[in-house]
Amino acid sequence: MFSDRLKAWEIRRGFGSIPLVFLLYYVIAAALYSPGLNAPMMYDSQSFIMEKSHLFAQGALSDLIGFVPSRPLMMLTHYFNYILTGMNPVFFRLVNILFLAGAGAAVAVLAALVLQSAGLPVEDSRRKIPILGVILGLILVVHPIQALSVMYIWQREAIAACFFYCGSLASYIGARSYPKREGLLYLAVAMLFAMGMFTKENVATLPAAFILAEITVLGSGIKDLAKRLPALAAITVAVMGLFLVVNNALHGASTPSDHEGIISRIALHYSLAQLALTEVLLTEARMMILYFFAIMAPSASSPGIVEAQVISRSIWTPFSTAVAVAGVIGMVLCALALLRKAPVISFGLGFFVVTLIPESLLIPQYLFCGYRAILPMVGILLIVGQLILWADARIKARTVRIASVLLGTGLVMTLCTQTLLRASSWTPLNVWADAYSRLPEFGDDVEKYPYLDVAVSFGVELAKRGNHIGAVDALQKAAKVELVGSQTKRSFALVHLGAALFTVGRQQEGVELFRRVLHTDPTDADAHNNLGAALSRMGNSTSGLEHLRLAVRYSPYNEDYRANLALSLFRSGLLDESISEYEKAMHINPLDWKAVLGLARATEKGGNIAKAVEYYRRALEIESESRELNFAAGNAFSRLNGFPEAAECYRRIIKTHPEELAAHFNLSTALIRAGQSREAVEVLRRAATFKADDPEVHYRLGLSLLTVGEKQQGIEHLRKALTLSPGHEKARSRLEALMGSENAHQN
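Since this is a predicted model, take the numbers as computed values, not measurements. Per chain, residues are indexed from 1 in the order of the written sequence. For a predicted model such as this one, the threshold for reporting local features is a pLDDT of at least 70, and the threshold for listing and counting side-chain atom pairs is 80 or more; totals across whole chains, interfaces and linings nevertheless cover every residue. For side-chain calculations, the full set of non-hydrogen atoms in the structure is used, while hydrogens and water are omitted.

### Considerations on the overall build of the protein
Secondary structure counts use DSSP, requiring at least four H or I residues in a row for a helix and at least two E residues in a row for a strand, with both numbered from the N terminus. A count of helical and extended segments in the protein gives 39 helices and zero strands. Along the first, second and third principal axes, the C-alpha atoms of the protein reach 115 × 65 × 50 Å. Burial classes: relative accessible area under 20% of the type maximum marks a residue as buried, over 50% as exposed, and values in between as partly exposed (1.4 Å probe, protein chains only). The buried share of the protein, reckoned over its 747 residues, is 52%. Considering only contacts within the protein whose residues lie at least 6 apart along the sequence, 66% involve residues at least 24 apart. Only the protein chains shown count as cover for residues, and all accessible areas are computed by the Shrake-Rupley method using a 1.4 Å probe. Counting only carbon and sulfur atoms, one obtains 60% of the accessible surface of the protein, whose full area is about 32600 Å². We call two residues contacting when some pair of their heavy atoms lies within 4.5 Å.

Structure representation (structure tokens):
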């Protein structure tokens, strides 16, 4: 019997080491992801967390949960994240790493239990199998695919679901091996199952995993399985019943369509995707193979969050569909064939297939999402564990064993390196650029939702970085996509295309797109915001302000709309109202440094320079690298004689823009007034290396040299300034004062 093979003291010893294993995983993961922890939120993280900051601030839990009512536990974790650390993405990701480390520890325990329970003839199994479990858990933690659960904050739900799923499954196998604690462990099974269900719905496959474990690694026959079914049924009915009751109650406060129930919502998903079930099944067979290779042969950039795929209209279109279907069928047949000969491999293959089913079939608008491979990876890791044990039993030569260990270590280090690279390069632009590069040519056989999401997200990121021509190209691709039942997404694409067109000089086309969206939906705040900003720039400030006010009316908690309205008010001379709007924008998102900068400028123009300086300092705490901010802050500090602080601002500009002449001039002035004239001379000498033909550089350098007693060199540079610009009156006057009018004229 299984209970005879796995002694109770072994379980106690294994569970006792979990905290140390968890801590080890956390330290390793935190180190790997440290370069990218401060990356901005993006995609659903931006939509459901950052843009809902006002609800977090208000403590509106029911409203927050209402956005994703089937996953209330996950929204609660985000809320407590906000309570403790605000909207700082670093701490959101550190909590994600907690779940990642927990999932790794759960996998370590699960792997040890599964490998031990299979009754493999392993020498010194009490020592080797727990160590192997820790190694497999480590692979899960350092695998680059986990970037999608750490860096992409919203997919905390994916790694948390993995944690609850593996913890529940490990508790179930533990209950089978430790009868004295069976009741307590079954309670843990139910609790972790329930918590998983309220985190992500793919945990609903747990009962299938229980049965799969029974008929494979636990070796149960029909009679044994029949004895276990009542307990399994009781746990499943209790958890699913609780889920349905709570889900129905939460959906009841949401939109009318949610009252129709789960089946109706699934039908709605298929109608939005405009795909038949057979098309989804055939396409997902290809996706299953892609997930397998993403696990087995990862890279530092793939898989992506979402990737638009070509739809399999038949088993031969595209031809890779037939190969993929054959591969999936082969997995299932292999699992059945190895049911008794290699139960762990059989279980791993079955686990991989079963855990991919829910999201793959129930959300057909998005046929491929990289994070869906996170939970199925556990099945692959169990197979790897079985293969390692087989190799260990058969390899006797010492040199071969050492080479095998070195190879394994190298592979783990390779995974770590890829993960570190992915974390280091994680920015919205890089993520969407990679996804955009994989877009197939758009046509009837390409899925629409992810295509539009990728194209518009990439276009928006290009526009943010000033590449408006590239943004137009990407957004024009997005604008081609016609969606059924989701005008909002397409309107978003059209509005941002209009903004990009306006910026590249095609102003009328941009305005027409804004008006086109408003004709369809007069309450579209994004269209009002962009139209208002466009009209203001075209000189129609009255109409511009009208549309900007409408944008704020229809979306009062959008800090960008508030900031745009505040800027337009500032330019119109309405300082008090401008300051009020900037304050509201800053209250919505205290980390919006541009809103804080705008507030500082408006306050400074209003005459309160001391208060403005406080705002400049606050903005610099959020974003210290901005050229625009450092110039404005440096100038304000100088006005209050804060020359050392001003000098630091100009130094930051020069660090990122080493040939920014104005920053060199301002820095030299601040240094001279701070009593650091010699350093000012060096700053201006650097400027003269890249602006040797600029008379102002030589004039300022000449004056600086005079202040440090270098009279002859100072005169030479003043002469140089006058040679380059004979009309430079300041240089001429200074030379006259130094040498007399006659010598000055001779030169």
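### Examining the pattern of salt bridges
Salt bridges, as used here, are contacts in which a Lys or Arg side-chain nitrogen is within 4 Å of a carboxyl oxygen on Asp or Glu. In this structure the tally under the stated criterion is 27 salt bridges. Across the pair Lys611 and Glu614 runs a salt bridge whose closest N-O atoms are separated by 3.6 Å. Residue Lys611 and its partner Glu614 are both found in helix 31 (residues 609-622); the two are separated by three residues, about one turn of the helix. Its relative accessible area of 32% is what places Lys611 among the partly exposed residues. Overall, Glu614 belongs to the partly exposed group, its relative accessible area being 45%. In this structure, Glu648 and Arg651 form a salt bridge, with 2.6 Å as the shortest nitrogen-oxygen distance. In this pair, Glu648 and Arg651 both sit in helix 33 (residues 643-656), three residues apart, roughly one turn of the helix.

### A closer look at the side chain of Ser677
For Ser677, the position within the fold is in helix 35 (residues 677-690). If sequence neighbours within four positions are ignored, Ser677 has contacts with Leu671, Ile672, Thr707 and Val708.

### Quick look at the UniProt feature "repeat: TPR" (unreviewed entry) in the protein
As recorded in UniProt, the feature "repeat: TPR" (unreviewed entry) lies at residues 491-524, 525-558, 593-626, 627-660 and 695-728. Along residues 491-524 one finds 79% helix and 0% strand; the C-alpha atoms at either end are 8 Å apart. Between the C-alpha atoms that bound residues 525-558 there is a distance of 9 Å. The span itself is 79% helix and 0% strand. UniProt positions are given in the numbering used here, feature names are shortened, and annotations may be inferred rather than shown by experiment.

### As for the packing of helix 18 (residues 343-362) against helix 19 (residues 377-394)
Lines fitted to C-alpha atoms define the axes, with helix axes restricted to the stretch in contact, and inter-axis angles between N-to-C directions lie between 0 and 180 degrees. At their nearest, the axes of helix 18 and helix 19 sit 7 Å apart, and the two run at 165 degrees to each other. One way to sum up the angle between helix 18 and helix 19 is to call them roughly antiparallel. Every pair of crossing elements has a handedness; the one defined by helix 18 and helix 19 is left-handed. Taking contact as the criterion, the partners of Val344, Ile345, Phe347, Gly348, Leu349, Phe351 and Phe352 in helix 18 are, on helix 19, Val378, Gly379, Ile380, Leu382, Ile383, Gln386, Leu387 and Trp390. For the contact of helix 18 with helix 19, the per-class residue count stands at 12 nonpolar, three polar and no charged. Orientation labels follow simple angle bins: below 35 degrees gives roughly parallel, above 145 gives roughly antiparallel, 65 to 115 gives roughly perpendicular, and whatever is left gives oblique. Take the far helix as the reference: if the near one is turned anticlockwise from it by less than a right angle, the crossing is left-handed, and if turned clockwise, right-handed. The residue classification treats Ala, Val, Leu, Ile, Met, Phe, Trp, Tyr, Cys and Pro as nonpolar and Asp, Glu, Lys and Arg as charged. All others, Gly included, are polar.

### Comments concerning the packing of aromatic side chains
Pairing of aromatic rings covers Phe, Tyr and Trp, the last through its six-membered ring, and needs centres within 6.5 Å; plane angles under 30 degrees mean stacked, over 60 mean edge-to-face, and all others mean tilted. Overall, the coordinates contain 22 aromatic pairs when judged by the stated rule. Ring geometry for Tyr165 and Phe351: centres 5.6 Å apart, planes at 85 degrees, overall edge-to-face. Linking Tyr165 in helix 11 (residues 156-177) with Phe351 in helix 18, this pair joins segments that are 186 residues apart in sequence. Since its relative accessible area comes to 0%, Tyr165 is described here as buried. Using a relative accessible area of 1% as the deciding quantity, one classes Phe351 as buried. Between Tyr172 and Phe210, the ring centres sit 4.7 Å apart and the planes meet at 25 degrees, which makes this aromatic pair stacked. Of this pair, Tyr172 sits in helix 11 while Phe210 sits in helix 13 (residues 206-215), and the two are 38 residues apart along the sequence. The exposure class of Phe210 is buried, given its relative accessible area of 1%. Joined through ring pairs, the aromatic side chains of Tyr43, Tyr152, Tyr371 and Trp432 make up one cluster.

### Concerning a nonpolar patch on the surface
On the surface, a cluster of nonpolar side chains totalling about 450 Å² of accessible area is made up of Ile315, Trp316, Phe319 and Val323. Tracing the backbone through its elements, the reader meets Ile315 in the loop between helix 16 (277-296) and helix 17 (320-337). According to the relative accessible area criterion, Ile315 is partly exposed, its value standing at 32%. Only residues whose relative accessible area exceeds 30% and that take part in no salt bridge are eligible for patches, with like-charged residues grouped when within 9 Å of each other and nonpolar side chains (Val, Leu, Ile, Met, Phe, Trp, Tyr) grouped when within 5 Å.

### Concerning the packing of helix 13 against helix 18
Relative orientation of the contacting elements helix 13 and helix 18 amounts to 165 degrees, with a least axis distance of 10 Å. If you check the angle between helix 13 and helix 18, you find them roughly antiparallel. Crossing handedness for the pair helix 13 and helix 18: right-handed. Judged by residue contacts, Ala208, Ala209, Leu212 and Ala213 of helix 13 engage Phe347, Gly350, Phe351 and Val354 from helix 18. Tallied by class, residues from the contact of helix 13 with helix 18 come to seven nonpolar, one polar and no charged.

### Overview of the confidence of the model for the protein
In the predicted model, the protein carries a mean pLDDT of 88, and 93% of its residues have values of at least 70. Note: pLDDT gives the predictor's confidence per residue, expressed from 0 to 100. Taken together, the stretch residues 1-12 has pLDDT below 50 and engages in 23 contacts with residues farther than four places along the chain or on a different chain. Between residues 253-260, whose pLDDT stays under 50, and residues either more than four places distant or in other chains, the model counts five contacts.

### Some points on helix 13
Most of helix 13 is tucked away, with seven of its 10 residues classed as buried. Turning to helix 13, its buried residues are Leu206, Pro207, Ala209, Phe210, Leu212, Ala213 and Glu214.

### Examining the nonpolar core
Ranked by size, the top nonpolar core spans 174 residues in total, and within it Tyr33, Ile305, Phe352, Val378 and Trp426 carry the most contacts. Of all the elements, helix 8 (residues 89-117) adds the most residues to this core, at 17 residues. Apart from residues lying up to four places away in sequence, Ile305 is in contact with Met42, Tyr43, Leu148, Tyr152, Phe368, Cys369, Gly370, Tyr371, Trp426 and Val431. Membership of the second largest hydrophobic core comes to 39 residues, among which are Ala563, Leu599, Ala602 and Ala646. Side-chain atoms within 4.5 Å are what join buried Ala, Val, Leu, Ile, Met, Phe, Trp, Tyr and Cys residues into a set we call a nonpolar core.

### Focus on helix 32 (residues 627-639)
Taking 1.5 Å as the rise per residue, helix 32 with 13 residues should run 18 Å; its terminal C-alpha atoms sit 19 Å apart, in good agreement. Buried-residue contacts for helix 32 involve helix 30 (593-605), helix 31, helix 33 and helix 34 (661-673). Of the residues that open helix 32, the one with a side-chain oxygen 3.4 Å from the backbone nitrogen of Glu628 is Ser626. Just downstream of helix 32 lies Asn641, where phi reads positive at about 65 degrees. Here a helix's expected span is defined as the number of its residues, less one, multiplied by 1.5 Å. Each polar contact in these results corresponds to two N or O atoms within 3.5 Å; when the atoms are within protein, one needs to be able to donate a hydrogen and the other to accept it, and residues that are neighboring in sequence are counted only if both atoms are side-chain atoms.

### So, the state of the cysteines
What counts as a disulfide here is a pair of cysteine sulfur atoms lying within 2.5 Å. Scanning the model with the defined rule gives zero disulfides in all. Take Cys369: it sits in no disulfide, and the sulfur closest to it among the cysteines is that of Cys162, at 17 Å.

### Some points on the environment of Arg71
With respect to the secondary-structure elements, Arg71 resides in the loop between helix 6 (61-67) and helix 7 (72-85). With a relative accessible area of 12%, Arg71 lands in the buried category. C-alpha separation for the pair Arg71 and Arg686, spaced 615 residues apart in sequence, amounts to 58 Å. When sequence neighbours within four positions are dropped, the list of residues in contact with Arg71 reads Glu157, Phe198, Thr199, Lys200 and Glu201. Only 2.5 Å separates the side chain of Arg71 from the side chain of Glu157, close enough to count as a polar contact.

### Some remarks on the side chain of Arg490
Tracing the backbone through its elements, the reader meets Arg490 in helix 24 (residues 487-503). Classification of Arg490 as buried rests on a relative accessible area of 10%. A polar atom in the side chain of Arg490 sits 2.9 Å from the backbone oxygen of Val481. Excluding anything up to four places from it in sequence, Arg490 contacts Leu452, Ala479, Val481, Glu482 and Arg516.

### A look at unusual backbone geometry
Pro318 follows Thr317 through a cis peptide bond whose omega is -5 degrees. Relative to the elements of secondary structure, Pro318 occurs in the loop between helix 16 and helix 17. Phi is positive for Tyr43, which is not a glycine, with a value near 55 degrees. Following the sequence through the fold, Tyr43 ends up in the loop between helix 3 (18-33) and helix 4 (44-48). In this model, Asn641 sits at a positive phi of 65 degrees, which is unusual for a non-glycine residue.

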